[in-house]
Amino acid sequence: MDLRIFTEPQQGADYDTLLKVARATEELGFDAFFRSDHYLRMGPGDGLPGPTDAWITLAGLARETRRIRLGTLMTAGTFRLPGVLAIQVAQVDQMSGGRIELGLGAGWFEEEHTAYGIPFPKEKFGRLEEQLAIVTGLWETEVGKTFSYEGQHYRLADSPALPKPAQRKIPVLVGGHGATRTPRLAARYADEFNIPFASLEDTERQFGRVRAAAEEAGRPADDLVYSNALVVCVGKDDAEVARRAAAIGRDVEELKANGLAGSPAEVADKLGRYAAVGSSRVYLQVLDLDDLDHLELISAQVAPQLG
């Protein structure tokens, strides 16, 4: 199972903090560093020092890391025009030497749009579908040819469809809990389907929907990677688990029920149960970005148990 580190910088983290976490991610053998795409803290607190932009962050990390893959869970479709996003992601992919992945979602947090003057359209899912068509279409257009698109929300005419990413194909992630439209969208555009903060039962059910949608679209179900995103809180003993839970304002029992919490053996066992329902990759949501010992413990005592 691939273990990836997933951060939420809007809760209060500057670039230097994210760089330390990304370097630890690389040094400790994790597969990738991902971050959210938000501009406003969620829950109580002042959010200092303030938000960082996802793709500016990843551009910096692209030059300051060498091995790990880098990406978003999820880039908010409401923040960027699809043509501009295709340029940004392709450029950062070049800067990284071909290590970028794009998670793209519809956008949902209305308060951050209001706070920073970003339009929050009523119809977001239709826009997301067009964005996926445009971004992937621009990247797939052969050099020397042009790309045009006529949709309800976006229109492109004779685009040179440049620049091209370093990778032949940037992996695209689609995710969510939607029962019908989301699986169909994943089946059409995604290389990976991610379900965030879901129980084993909900994970198995949603993976089944995506697999069925892929087969209905004429695509092998195993053509996609299936993954989870789950909050993580591991400790060598009960006291350390409790300390780490308190640091992020969460209850231990709640974390054990809804995330990955407890001793290394407990967490490895639960990861094994997610693997049994089809998950081959887990994004570990790390909320205390100053606690690099946490990452070291997971690397040393959880990852080796996963085979």
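That block above? That's the structure.
Keep in mind that this is a model prediction, so the values were computed, not measured. (Residues numbered from 1 in each chain as written. Predicted model: local features only at pLDDT ≥ 70, side-chain atom pairs only at ≥ 80, totals over all residues. Heavy atoms only, no water.)

Examining helix H6 (residues 181-189)
Thr182, Pro183, Leu185, Ala186, Ala187 and Tyr189 are the residues of H6 that are buried. Buried residues belonging to H6 abut helix H5 (125-140), strand S8 (172-175), strand S9 (192-196) and helix H7 (200-216). (Buried < 20%, exposed > 50% of the residue type's maximum accessible area, 1.4 Å probe, protein only. Helix = DSSP H or I, 4+ residues; strand = E, 2+ residues; numbered from the N terminus. Contact = heavy atoms within 4.5 Å.)

Some thoughts on the packing of aromatic side chains
This structure, assessed with the given rule, holds six aromatic pairs. Ring geometry for Phe34 and Tyr283: centres 5.0 Å apart, planes at 70°, overall edge-to-face. Placement of the pair is Phe34 in strand S2 (residues 32-35) and Tyr283 in strand S12 (residues 281-286), with a sequence separation of 249 residues. For the residue pair Phe34 and Tyr283, the accessibility class agrees, reading buried in each case. Ring centres of Phe193 and Phe207 lie 6.4 Å apart, and the angle between their planes is 85°; this geometry places the pair in the edge-to-face category. Remark: Phe207 occurs in helix H7 and Phe193 occurs in strand S9; sequence separation between them is 14 residues. Phe207 matches Phe193 in its accessibility class, with the two residues each being buried. Each member of the aromatic cluster is reached from another via a ring pair, and the members are Tyr39, Phe79 and Tyr116. (Phe/Tyr/Trp six-rings, centres within 6.5 Å; stacked < 30°, edge-to-face > 60°.)

Considerations on the pairing of S12
For S12, a buried count of six out of six residues is recorded, marking the element as mostly surrounded by other parts of the structure. Going residue by residue along S12, you find Arg281, Tyr283 and Gln285 tucked away on one face and Val282, Leu284 and Val286 tucked away on the opposite face as well. For strand S1 (residues 2-7) and S12, the ladder comprises six bridges, and the chain directions are parallel. Each bridged residue has a counterpart across the sheet, and for Phe6 the counterpart in S12 is Gln285. One ladder, built from five bridges, connects strand S10 (residues 225-234) with S12; its direction is parallel. Bridge pairing in S12 links Leu230 to Leu284. (Pairing = 2+ DSSP bridges.)

Things to note about the packing of helix H1 (residues 15-27) against helix H2 (residues 54-64)
Running from N to C, H1 and H2 point in directions that differ by 45°, and their axes come no closer than 11 Å. For the element pair H1 / H2, the angle class is oblique. Handedness of the crossing formed by H1 with H2: right-handed. Along the contact surface, H1 presents Tyr15, Leu18, Leu19, Ala22 and Arg23, while H2 presents Thr57, Gly60, Leu61 and Glu64. Counted by class, the contact of H1 with H2 contains five nonpolar, two polar and two charged residues. (Axes fitted to C-alpha atoms, helices over the stretch in contact; angles between N-to-C directions. Parallel < 35°, antiparallel > 145°, perpendicular 65-115°, else oblique. Left-handed = near helix turned anticlockwise from the far one by under 90°. Nonpolar A, V, L, I, M, F, W, Y, C, P; charged D, E, K, R; others polar.)

Topic: the side chain of Thr7
Tracing the backbone shows Thr7 in strand S1. Residue Thr7 is classed as buried on the basis of its relative accessible area, which comes to 0%. If near-sequence neighbours (up to four positions away) are discounted, Thr7 is found in contact with Leu18, Val21, Phe33, Phe34, Arg35, Ser36, Val286 and Leu289.

Things to note about the packing of H2 against helix H3 (residues 82-96)
Taken N-terminus to C-terminus, the directions of H2 and H3 make an angle of 15°; their axes are 8 Å apart at the nearest point. Between H2 and H3, the angle falls in the class roughly parallel. Considering how the two elements wind past one another, H2 and H3 form a crossing that is left-handed. Here H2 contributes Trp55, Leu58, Ala59, Ala62 and Arg63 to the contact with H3, which in turn contributes Leu85, Val89, Val92, Met95 and Ser96. A breakdown of the residues in the contact of H2 with H3 according to their chemical character gives eight nonpolar, one polar and one charged.

A short note on the nonpolar core
Counting 75 residues, the largest nonpolar core has Trp55, Leu102, Trp139 and Leu284 as its most contacted members. Considering each element in turn, this core owes the most residues, eight residues, to H5. When neighbours within four sequence positions are excluded, Trp139 is seen to be in contact with Ala86, Val89, Ala90, Leu102, Lys164, Pro165, Ile170 and Val172. (Core = buried A, V, L, I, M, F, W, Y, C linked by side-chain atoms within 4.5 Å.)

Digging into the side chain of Gln206
The topology assignment puts Gln206 in helix H7. Among the residues examined, Gln206 registers a relative accessible area of 1% and is labelled buried. A distance of 3.5 Å separates the side chain of Gln206 from the backbone oxygen of His177, its partner in a polar contact. The residues contacting Gln206, other than those within four sequence positions of it, are Gly176, His177, Gly178, Ala179, Thr182, Pro183, Phe193 and Ile195. (Polar contact = N/O pair within 3.5 Å; in protein donor to acceptor, adjacent residues only side chain to side chain.)

Remarks on the environment of Ile134
Mapped onto the elements, Ile134 comes out in helix H5. Those residues in contact with Ile134 that sit more than four places away from it in its chain are Pro82, Gly83, Phe147, Tyr149, Tyr154 and Leu156.

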